[in-house]
Each structure stands twice: as structure tokens, then as C-alpha cells.
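These are the residues of each chain, in order.
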Amino acid sequence: MIKDSVYHGTTGNTMLPSYFNYHGYYSIVLQALCDHEYQFMDISVGWPGAVHDWRVFRTSDLGRSFENHESFVEELPPRNIEGVDVKPYILGDPAYCSRDYMAIRYPRTNLTIQERYFNLKQSSCRMAIECAFGRGKGRWRVLMKMNEAKLDNIIETTVTCCILHNICEQFKIEYLDVWDERTATEAEFDPPNANIQPNIQPVHLQQQRGTAVRDAIKRHLWNNRT
């Protein structure tokens, strides 16, 4: 399972400061969890663009289910990795907090060789979410254009695009490389993958557990590298 959230490149007529995102334009947030086949498993749409990814996640139904240990992974048996019981987990970018269900990269300062190796593998796996969003925007260009519709309509349009995206991926409908090309206008609403939100890493018991899980995965990856 791979998790990320990006800014939805439409603006509508709700021009409040909270909708002005970190990339410099008005938007709403589309947060999504996807699998390795680029299909969305869960989405949350509608938060103002300036709201931090972690807040969007922890207030979503998905986030609350993981925080309260009520998610679908609770029914699955853990796997013992380097002496630590590890359940299926989400891969997130540094805007998220380390949890036993959320594996994020190590901060890019003074890294050990094992930590660098973990970051490389984590980032490689997270390419699935980047591809999912890229393919979704490639097929449904409305997601990269100025949208003057009412906010409720923008949200419904976004949800519809996600559903249609899953149908296309499920039935292996051809995706053309030319759809990755962006016009100058579309490029304004297609921000780079680099996350520029401030990191939120509060001292938290769940964070300590998340660190233990991440360290176990790090050791396992390093000990089994090829």
C-alpha cells in the first residue's frame, strides 16, 4: 500500500486564503491511497489547499481508522521483521509522521548507508502513487485546469475522475505516453513531486513505535540486499 497526497489543480470561486496552497495557487486537496497497480484504494477530497497533508490524513476516515487501530490491516497477522512485529503499512512522504502503519523516509541529514538504502527503496516504491496521479491527470485534463464551478461540483468532478481512473486501470485500458505532455497552462497546476510543506514530527509514543518499525525494515532491507 502506498500513500501520498497532492494538490488538485483547480480553483473555483472560493478564493479564501486557506485555499492558497504551497505551490502558489488556489486549490483543494485530493488525498489518495493507492496500490501497486495504480488503483486508488481510498480518497479524501475537499480540504483547502493550504491545509497540511498530515492534518488532512489524520482527520480523514482512513487516518482515524489507522490511528484508532480499526483499519482493515488489523485483521491481518503481523510479520516478524528483525524481531519486531510489523503489519502492512503505508508509504508516505516526509510531510507525514512516522507511525507503525506509516513508513516515511529518514531525514536527509547525516544518514548512515543503511538509512540511505532504505530511503532509496522507499522512494522507488512510492513511484506508484506518482504514476497513479500522473495517469489520472493525463486522462482527465480537467484536473489541471482553472475551474470556476462551485466547490461541491469540483469535489464531485474529482471523485468521478478517480472512479473512472480505477476503471481504466482495472481493465488495462491503454494509456498513451503523449498524455504525459503538459501545455504551459496545465504545467502551472502540475507541481513537481518534491514536497515543500513543513515537516511535522511531534514527540509521540506512536512515533517511537513507528521509528522502531522503520528501523526494523531498514535492517531487513539492508541484510537482504542483492
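You'll find the structure just up there.
Cut-off values and rules
- Along each chain, residues carry numbers from 1 onward, in the same order as the chain's sequence is written.
- Since the coordinates come from a predicted model, pLDDT governs what is reported: local features require at least 70, and pairs of side-chain atoms require 80 or more to be given and counted, while whole-chain, interface and lining totals use all residues.
- Think of the side-chain values as coming from all heavy atoms in the structure, minus any hydrogens and water.
- The numbering of helices and of strands both runs from the N terminus, where a helix is a DSSP run of H or I of at least 4 residues and a strand a run of E of at least 2.
- Whether a residue is buried, partly exposed or exposed follows from its accessible area with a 1.4 Å probe, protein chains only, as a fraction of its type maximum: under 20%, in between, or over 50%, in that order.
- In what follows, a contact means two residues having at least one pair of non-hydrogen atoms within 4.5 Å.
- Calculation of accessible area relied on Shrake-Rupley with a 1.4 Å probe; when residues are assessed, cover is drawn exclusively from the protein chains displayed.
- Between the rings of Phe, Tyr and Trp (Trp by its six-membered ring), a pair exists once the centres lie within 6.5 Å; its type follows the angle of the planes, with under 30 degrees stacked, over 60 edge-to-face, and the other angles tilted.
- Comment: the charge-over-ring label is applied if NZ (Lys) or CZ (Arg) is within 6 Å of the ring centre and within 35 degrees of the ring normal.
- For patch building, the residue pool is restricted to those with more than 30% relative accessible area and no salt bridge; the joining distance is 9 Å between like charges and 5 Å between nonpolar side chains (Val, Leu, Ile, Met, Phe, Trp, Tyr).
- Salt-bridge detection follows one rule: a side-chain nitrogen of Lys or Arg within 4 Å of a carboxyl oxygen of Asp or Glu.
- When charges are tallied, Lys and Arg are placed among the positive residues and Asp and Glu among the negative ones, while His and the ends of the chain are skipped.
- Each charge is placed at NZ for Lys, CZ for Arg, CG for Asp and CD for Glu.
- Two strands are said to pair when DSSP picks up at least two bridges between them.
- Simply put, an axis is a line fit to the C-alpha atoms, just over the touching stretch for a helix, and the angle between two N-to-C directions goes from 0 to 180 degrees.
- Roughly parallel here means an angle under 35 degrees, roughly antiparallel means over 145, roughly perpendicular means 65 to 115, and every remaining angle is called oblique.
- Any residue that is not Ala, Val, Leu, Ile, Met, Phe, Trp, Tyr, Cys, Pro, Asp, Glu, Lys or Arg is counted as polar, Gly included; the first ten are nonpolar and the last four charged.

Student: Residue-level account of the overall build of the protein chain, with values.
Tutor: Helix and strand counts for the protein chain come out as seven helices and seven strands. Its helices and strands taken in sequence order, the protein chain reads β-β-β-α-α-β-β-β-β-α-α-α-α-α from the N to the C terminus. Here the protein chain holds 226 residues, and 46% of them are scored as buried. In the protein chain, the share of contacts with a sequence separation of at least 24, taken over all contacts with a separation of at least 6, comes to 69%. Per element, the accessible surface of the protein chain, about 11700 Å² overall, is 55% carbon and sulfur.

Student: Explain the packing of aromatic side chains to me, using residue names and the numbers behind them.
Tutor: Two descriptors summarise a pair of aromatic rings, namely the distance from one centre to the other and the angle between the planes of the rings. For the structure on display, the rule yields 11 aromatic pairs. Residues Phe57 and Tyr101 carry aromatic rings whose centres are separated by 6.2 Å and whose planes lie at 35° to one another, so their mutual orientation is tilted. One end of the pair, Phe57, is in helix H1 (residues 53-59); the other, Tyr101, is in the loop between strand S6 (90-91) and strand S7 (102-103), and 44 residues separate them in sequence. Here the aromatic cluster, defined as three or more aromatic residues joined through ring pairs, consists of Trp54, Phe57, Phe66, Phe72, Tyr96 and Tyr101. We note Arg214 situated over the ring of Tyr106; from NZ or CZ to the ring centre the distance is 4.0 Å.

Student: Got a sec to walk through a negative patch on the surface? Specific residues and values, please.
Tutor: On the surface, Glu174, Asp177, Asp180 and Glu181 cluster together to form a negatively charged patch. One can find Glu174 in the loop between helix H5 (151-170) and helix H6 (184-188).

Student: Explain the pairing of strand S3 (residues 40-48) to me, and be specific about the residues and the numbers.
Tutor: In this sheet, S3 lies alongside strand S2 (residues 28-34) in antiparallel orientation, the contact comprising seven bridges. Within S3, the residue paired with Leu30 across the bridge is Val45. Count of turn residues in the S2/S3 antiparallel hairpin: five residues, of which Tyr38 carries a positive phi of about 70°.

Student: Account for the packing of helix H3 (residues 113-125) against helix H7 (residues 205-223), naming residues and giving values.
Tutor: The relative placement of two packed helices is expressed as an angle between their axes plus a distance between the axes. Two elements in contact, H3 and H7, have axes separated by 9 Å at closest approach and are oriented at 90°. For the element pair H3 / H7, the angle class is roughly perpendicular. The residues of H7 that touch H3, namely those facing Ile113, Gln114, Glu115, Tyr117, Phe118 and Lys121, are Arg214, Ile217, Lys218, Arg219, Leu221 and Trp222. Of the residues assigned to the contact of H3 with H7, the class counts are six nonpolar, one polar and five charged.

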